[in-house]
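Chain by chain, the residues:
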Amino acid sequence: MSDIVERYDIPEQHFWLHGTRSGPAVEFDARAGMWNVYGYPELHEVLGDPATYSSDTMRVVPKELLPSGDDFSLEGFITQIDPPEHGKLRKLVSSAFTRKVVADLEPRIAALTHELLDAARERGRFELVSDLAYPLPVIVIAELLGVPSSDRALFKQWADALFQRDTEISLNQSAEERSADLQATMKPWKEMSGYLAGHAAERRRQPRGDLLTRLVQAEVDGERLPDEQVVNFAIVLLLAGHITTTMLLGNTVLCLDAFPEQQDRVRADRSLIPDVIEESIRYLTPFALLGRATTREARLGGVTIPADQMVMIWLAAANRDPRQFPDPGVFDPGRDPNPHLGFGRGIHFCLGAPLARLEGRVALDILLDRFGTLRTVPGDPVQFISSPSLTGVRRLPLVQG
Ligand code: HEM
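Residues numbered from 1 in each chain as written. Predicted model: local features only at pLDDT ≥ 70, side-chain atom pairs only at ≥ 80, totals over all residues. Heavy atoms only, no water.

In the nomenclature of an unreviewed UniProt entry, the chain corresponds to Cytochrome P450 from the organism Sphaerisporangium aureirubrum.

Scanning the chain from N- to C-terminus turns up 15 helices and 11 strands. On C-alpha atoms alone, the chain measures out to a radius of gyration of 21 Å, which is about the 21 Å that the 2.2 N^0.38 rule sets for 401 residues. Overall, the chain is about 55 × 55 × 40 Å in size when its C-alpha atoms are taken along their principal axes. Sorting the 401 residues of the chain into buried and exposed places 53% on the buried side. Accessible surface computed for the chain: about 17300 Å², of which carbon and sulfur atoms make up 52%. When the 43 positive and 56 negative side-chain charges of the chain are each reduced to one mean point, those points stand 3 Å apart. (Helix = DSSP H or I, 4+ residues; strand = E, 2+ residues; numbered from the N terminus. Rg over C-alpha atoms; globule rule 2.2 N^0.38 Å. Buried < 20%, exposed > 50% of the residue type's maximum accessible area, 1.4 Å probe, protein only. Areas by Shrake-Rupley, 256 points an atom, 1.4 Å probe, with all protein chains shown as cover. Lys, Arg positive; Asp, Glu negative; His and termini not counted. Charge placed at Lys NZ, Arg CZ, Asp CG, Glu CD.)

Contact geometry for helix 7 (residues 135-145) and helix 15 (residues 353-370): axes closest at 11 Å, N-to-C directions at 135°. The angle between the axes of helix 7 and helix 15 places the two elements in the oblique class. Two packed elements cross with a definite hand, and for helix 7 against helix 15 that hand is right-handed. Along its contact with helix 7, which presents Leu136, Pro137, Val140, Ile141 and Leu144, the element helix 15 presents Leu355, Glu359 and Ala363. Looking at the contact of helix 7 with helix 15, its residues break down into seven nonpolar, no polar and one charged. (Axes fitted to C-alpha atoms, helices over the stretch in contact; angles between N-to-C directions. Parallel < 35°, antiparallel > 145°, perpendicular 65-115°, else oblique. Left-handed = near helix turned anticlockwise from the far one by under 90°. Contact = heavy atoms within 4.5 Å. Nonpolar A, V, L, I, M, F, W, Y, C, P; charged D, E, K, R; others polar.)

With respect to the helices and strands, tyrosine 283 occurs in helix 13 (residues 273-283). Residues tyrosine 283 and arginine 320, spaced 37 residues apart in sequence, show a C-alpha to C-alpha distance of 7.2 Å.

Next up on the list: the sheet that holds strand 2 (residues 34-37). Strands sit in the order 1-2-9-6-3 across an open sheet of five strands; the sheet is mixed. On the outer flanks of this sheet lie strand 1 (26-29) and strand 3 (53-54), each paired with one strand and no other. Inspection of the sheet shows strand 2 paired to strand 9 (residues 310-314) by three bridges, in the parallel sense. From the neighbouring strand, tryptophan 35 faces strand 9, where its bridge partner is valine 311. In the packing of helix 2 (residues 40-47) onto the sheet, contacts are made with strand 1, strand 2, strand 3, strand 6 (289-294) and strand 9, and the angle to strand 9 comes to roughly 125°. (Pairing = 2+ DSSP bridges.)

Moving on to the environment of phenylalanine 155. Structurally, phenylalanine 155 can be placed in helix 8 (residues 152-163). Judged by relative accessible area, which is 0%, phenylalanine 155 ranks as buried. Separated by 17 residues in the primary sequence, phenylalanine 155 and valine 138 place their C-alpha atoms 8.3 Å from one another. Excluding anything up to four places from it in sequence, phenylalanine 155 contacts Tyr134, Val138, Ala142, Val147, Pro148, Tyr195, Leu238 and His242.

It is worth spelling out the side chain of histidine 86 at this point. For histidine 86, the location among the structural elements is in helix 3 (residues 85-96). Only 3.3 Å separates the side chain of histidine 86 from the side chain of histidine 348, close enough to count as a polar contact. If sequence neighbours within four positions are ignored, histidine 86 has contacts with Ile78, Ile81, Ile347 and His348. (Polar contact = N/O pair within 3.5 Å; in protein donor to acceptor, adjacent residues only side chain to side chain.)

Shown next, in the form of structure tokens:
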């Protein structure tokens, strides 16, 4: 048992937090009809070989499990695209979402953090997720894209509906489960697409200085992004841009609550903040799980995986593989190097990593300034997100002052 499990009520499905796994690094789950990969070297291999392990997982999902009709398309959904199309799209969107665009946000992130903390102080109680970790990244990504941050209740509704489901992931669902799942996904998807399509169309008519405008205008080798791709990329940003960073902020503070000696160290030496952030991503990996589909028979971890199989790769488990990380259950920001896979690896490496790291760094520095100690409230329980594919807190009450 790790310290974290003893201290907080961590759901069973977050098995990687409940001590070192003893089973094989690669195994077939007959009930779900998919393969699971848990080991670090095996994941490293999968992520580095997109020709064998395709991101276009829809290819191997039975047709009846997929939404149908004209109102659903994954065109431009960058995480699902393979080379060579992926490289073209990545170049186009990277030309709009540059490191400089992100770096320039630092003063705004700091100002927003102070505003949100001031508002919480006035209310006289502090719950990290709803008071800071959720609104901060959502406001930042909304302002960056150029959609009204006051619509964030809507974004939360969509994101919750799309991500925070407790159900197990399986290709062998019953017809009723399938239909319920499809309905739960399609409604928020359609609403979100319609919302962003409206804003993108508006930017074509009236350009502004925001990221949506840069996306509709982006051009590489004389090619522009079709509308559908702009909308789907904006959906990825709006979803990835806040859920994961919300988890990163909550998880980092939770680690400093669980390991007070590390909190003292970073409080005394703020140059350690980036290492604390990286170790938090390894220790409590926000995106626990990614999917890939084999394009051909593959040998992995001593096992043969046939072609056209769904392969679930558990970043969160690999980040605790003792073959790569000695004492993986210890939160140790001093790990050097710390080659965690929390942002993925290879051609799909997280495009938002600089923004997530910046938000984490700025918010943690300010929290350490404004709170003499960051600690949870005795008797007021921390709650984890129960979805098996996410590791994060959804409620983290902190002692004020
Ligand atoms: C891709 C994690 C924050 C945008 C990814 C991938 C991971 C990841 C694991 C790889 C997906 C794959 O290989 O299939 C995280 C974590 C974050 C975070 C843990 C926060 C702690 C962000 C932010 C943004 C963002 C803030 C944007 C505002 C993206 C995009 C991709 C991506 C666009 C797709 C890149 C591609 O397919 O080429 N992220 N992310 N992420 N992330 Fe993040």
